[in-house]
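# A structural walkthrough
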Amino acid sequence: MMNKKINSVTVLGSGIMGSRIACHFANIGVQVLLLDIAPLVLLPEEEAKGWALDHPAVKNRIVNAALQATVKANPSPIYTQNVLKHIATGNFEDDMPKIAASDWIIEVVVENLDIKRKVFDQVEQFRKPGTLITSNTSGIPIQMMADGRSDDFKANFCGTHFFNPPRYLRLLEIIPTVYTKPEIVDFLMAYGDKFLGKTTVLCKDTPAFIANRVGVYSIMSLLHLVEKMGLTVEEVDKFTGPALGRPKSATFRTTDVVGLDTMIKVAKGLYDNCPNDKAHDLFQLPSYVQKMEANNWLGDKTKQGFYQKTKNAEGKTEILALDLNTLTYRRQEKVRSTTLELTKTIDQVKDRMKVFATGKDRAAELFRASFFGLFEYVSDRIPEISDELYRIDDAMRAGFGWELGPFEVWDAVGLQESIAGMKAYGHAPAEWVNELLAAGHTSFYKVEDGVKKYYDIPTKQYKAIPGTDDYIILDHLRATKTLYKNAGASIIDLGDGILNVEFHSKMNTIGGDTLTAINKAIDMAEKNYRGVVIGNDGANFSAGANVGMIFMMAVEQEWEELNMAIRVFQNTAMRIRYSSIPVVIAPHNLTLGGGCEFSMHADFVQLNAETYMGLVEFGVGVIPGGGGTKEFALRASDEYHADQIVQNTLKDRFLTIGMAKVSTSAAEAFELGYLQQGKYGISMNRSRLIADAKAKAIAIAEAGYTMPIQRKDIRVLGKQGLGIVYAGANTMYSGNYISEHDKKISEKLGWVMCGGDLSSPTEVSEQYLLDLEREAFLSLCGERKTLERIQSIVTKGKPLRN
């Protein structure tokens, strides 16, 4: 692959996508120049100040306002406020010469070919030869933009289609032209994967590329089926949501968020540009969608779409659903489905597909009617939009949030079994699928020796999916590499002397089974292996300790058992830190409570950029009891300096726990103190996380790892710190900012972090603080207010026992 580095990027166009793309490059430390047009008319307030159109603040008004609006968006496009220092703004008139210093220029202006060509004319004047130049278009053929440009421009030009919001949606479609140098394509595919955290999908220059072509077909098919089957908005979103491996927003809620006009625009484009598509008529809008467009009911942007947020007679917020027959809004109706009930006990999404395919109710009927058509559609799209079937699955998972791509769903339903079903619904697969079956094959994918392979249509052979050599997918290893398993966790051999502990409880909560597996893995590694990774492929790393178990012990007043359970949790955290082999933890997404505490004790934390880490126990009515409070006291001690007021350091750590702060990114987890400098690394692409963690464990082991020594030099402030904590808690309580119970929790937290009521600052051991922590945790578990808070989480409103 070409040796190219991206240190600076210019983004041309500061609209919704342009500003967000700029923010994402800034997230990874790239210097960004964000440019847009200069205004043609002064605003009244600008005229009042006596400014002219050539005033710098006026000329950059459009770009600056767009960036400011983007930064305020929720969810945030930036990892921390600190990344904004990487973004400079300007305008096309004054600042286009600056693009000469850029390594990559990305065009994100309005979807109009003439306007794009004018922008490229300017780019040609100042761009240095060899600079990458790409377009984020979603609808204009890439070839048409390249035609007529210089040879160097064309050789370094292609489409790079980000999905909105770029920080969170992992898809990046790469669309070359006939002129694009192959090494440019290879570079963008690799850079998007490793540095931007994307699933990069190579696409052909066809209408809507891959994800929108298939995704909008799927949505349009559903819109027509809704009319045909008489389904309600609520039914469709219930039937096509998480049970099916789709986002919680499902179909109609997602359309409201994205904007009905966006979907309509793509559908109309496909109708106009794909006259030979067998599903051509499906891209025509149903009558009710046409009326919604005419009424400007486009979703969140117009305050109503398939749903409408309103206030009821009591002044409470209520979300109404659109009646598709009368086009009036009404209260949502509860949806019941036997098929959905049957899927609730099935953990793996792929194992639910047969239940959907063979069910007898409306959910199952919708599944068959939509997916049998989808199977035909995607098989017909090869080789039109892609030569390889796995690219279609990759695009749908990364761009639309599907847990399984269409060919993966087809495999899960059963390739042979589905053919008769498709025929009954008026569909038939492409001929290459029949040839696959005739050759004796039974699936599009298979796993051999831990490697996932896809059926390659031209060669009629199974091949390893390119670019996945650097990934470790636990799902591919479980069958042959699992060394130990219980109900909560498994130990998997990753090879090269590294073991992995995988959680697989609900929400990956930590209970006795999990603790057993962690301790067993460390025991095994100390005897016969080199290190341990704690990581998993679940939706979240861990939602924390099993509060249901804690609740039941506290209600039954089984204090000895609860004391022992907390002690085992603490000991496991300490075992993670103090063993003869390195332990690397690989968090992603939610990493709360005990998951955070384990991370704080690891030799190294290799975490995904999208990690939301925090000690949230305060909200449940207790303090961190698995070593988290002790650890913050230890870190505060290490941060005390002779030239600072030590109480300020204690206060910062205290408030992080007391306010149950959760990071919005891996970078913010460091700012909040959950990570330590030099002891963590960030994997932008979650698919690389386990492999990166394994590599780090090997590197630490090979560097000559030695077991650390337990600390006995932790400086705590005793009464000096307690006075500050108690005074602060009392002030907050007196001002009605916190409840009496919150005041009590604050005092217990301060008691532990200050080392109790020692008469003067003293050095104590980790075990001393752990004992205080456990004692405080247990005492709070006995408080009725604490039990009521836990009850609301685990018993769904059932009354407490007296």
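Numbers given to residues run from 1 along each chain, matching the order in which its sequence is written. Thresholds applied to this predicted model are a pLDDT of at least 70 for local features of residues and 80 or more for the giving and counting of side-chain atom pairs; totals over whole chains, interfaces and linings are not thresholded and use all residues. Neither water nor hydrogens contribute to the side-chain values; these are computed over all heavy atoms in the structure.

We now examine the state of the cysteines. Criterion for a disulfide: a pair of cysteine sulfur atoms within 2.5 Å. Under the definition given, this model contains 0 disulfides. In this model Cys 158 remains outside any disulfide bridge; the closest cysteine sulfur is found in Cys 203, 11 Å from its own. Residue Cys 158 is classed as buried on the basis of its relative accessible area, which comes to 0%. Type-normalised accessible area, obtained with a 1.4 Å probe on protein chains alone, sets the label of each residue: buried when under 20%, exposed when over 50%, and partly exposed for intermediate values.

An α-helix turns once every 3.6 residues. As a result, residues three or four positions apart point the same way. Working definition: helices are DSSP H or I runs of at least four residues, strands are E runs of at least two. Numbering for both runs from the N terminus. Within helix H26 (residues 594–601), 8 of the 8 residues are buried, which leaves the element mostly enclosed by the surrounding structure. Among all positions in H26, only Gly 594, Gly 595, Cys 596, Glu 597, Phe 598, Ser 599, Met 600 and His 601 are buried.

Glancing now at the environment of Val 616. Structurally, the position occupied by Val 616 is in the loop between strand E22 (611–614) and helix H27 (628–639). The exposure class assigned to Val 616 is partly exposed, which follows from its relative accessible area of 24%. When the C-alpha atoms of Val 616 and Val 662 are compared, they prove to be 7.5 Å apart, with 46 residues separating the residues in sequence. The contact criterion used is simple: two residues touch if any of their non-hydrogen atoms lie within 4.5 Å. When sequence neighbours within four positions are dropped, the list of residues in contact with Val 616 reads Leu 592, Gly 593, Ala 660 and Val 662.

Next up on the list: the sheet that holds strand E11 (residues 328–330). Any two strands are treated as partners once DSSP identifies two or more bridges connecting them. Spatially, E9-E10-E11 is the arrangement adopted by the 3 strands of the open sheet, whose pairing is antiparallel. For this open sheet the edge positions go to strand E9 (307–311) and E11, each flanked by a neighbour on one side alone. For this sheet the average axis-to-axis angle between neighbouring strands, irrespective of direction, equals 40 degrees. In this structure, strand E10 (residues 317–323) lies alongside E11, joined through 3 bridges in antiparallel fashion. Axis geometry follows a simple rule: fit a line to the C-alpha atoms, using only the stretch in contact for helices, then measure angles between N-to-C directions, giving values from 0 to 180 degrees.

Planes of paired rings set the category: under 30 degrees apart is stacked, over 60 is edge-to-face and the rest tilted, where pairs are Phe, Tyr or Trp rings (Trp by its six-membered ring) whose centres lie within 6.5 Å. In this structure the tally under the stated criterion is 29 aromatic pairs. Ring centres of Trp 297 and Tyr 329 lie 5.5 Å apart, and the angle between their planes is 55 degrees; this geometry places the pair in the tilted category. Linking Trp 297 in the loop between helix H14 (287–294) and E9 with Tyr 329 in strand E11, this pair joins segments that are 32 residues apart in sequence. We classify Tyr 329 as buried; its relative accessible area is 18%. An aromatic cluster of three or more residues is present, and its members are Phe 356, Phe 367, Phe 371, Phe 372, Phe 375, Phe 407, Trp 410, Tyr 425, Trp 432 and Phe 444.

As a per-residue quantity, pLDDT reports the predictor's confidence and falls between 0 and 100. In the predicted model, the protein carries a mean pLDDT of 94, and 98% of its residues have values of at least 70. Scored below 50 in pLDDT, residues 797–802 shows 12 contacts in the model against residues more than four places distant or in partner chains.

A separate point is the pattern of salt bridges. One side-chain nitrogen of Lys or Arg within 4 Å of one carboxyl oxygen of Asp or Glu is enough to make a salt bridge. Enumeration over the complete set of coordinates arrives at 55 salt bridges. A salt bridge links Glu 384 to Arg 381, with the nearest nitrogen and oxygen atoms 2.8 Å apart. Judged by its relative accessible area of 30%, Glu 384 is partly exposed. The closest approach of N and O atoms between Asp 394 and Arg 397, which form a salt bridge, is 2.5 Å.

The next subject is helix H18 (residues 389–400). One less than the number of residues in a helix, times 1.5 Å, gives the span that helix is expected to have. The first and last C-alpha atoms of H18 sit 17 Å apart over 12 residues, in line with the 16 Å expected at 1.5 Å per residue. Among the 12 residues of H18, 10 are classified as buried, and the element is accordingly described as predominantly covered. Of all the positions in H18, only Leu 389, Tyr 390, Arg 391, Ile 392, Asp 393, Asp 394, Ala 395, Met 396, Ala 398 and Gly 399 are classed as buried. After H18 finishes, the residue Gly 401 shows a positive phi value of roughly 75 degrees.

We now examine the side chain of Asn 608. Looking at where Asn 608 falls in the secondary structure, it is placed in strand E21 (residues 604–608). Owing to a relative accessible area of 5%, Asn 608 belongs among the buried residues under this scheme. Once residues within four sequence positions are removed from consideration, Asn 608 is found in contact with Pro 587, His 588, Ala 666, Ile 682, Ser 683, Met 684, Asn 685, Arg 686 and Leu 689.

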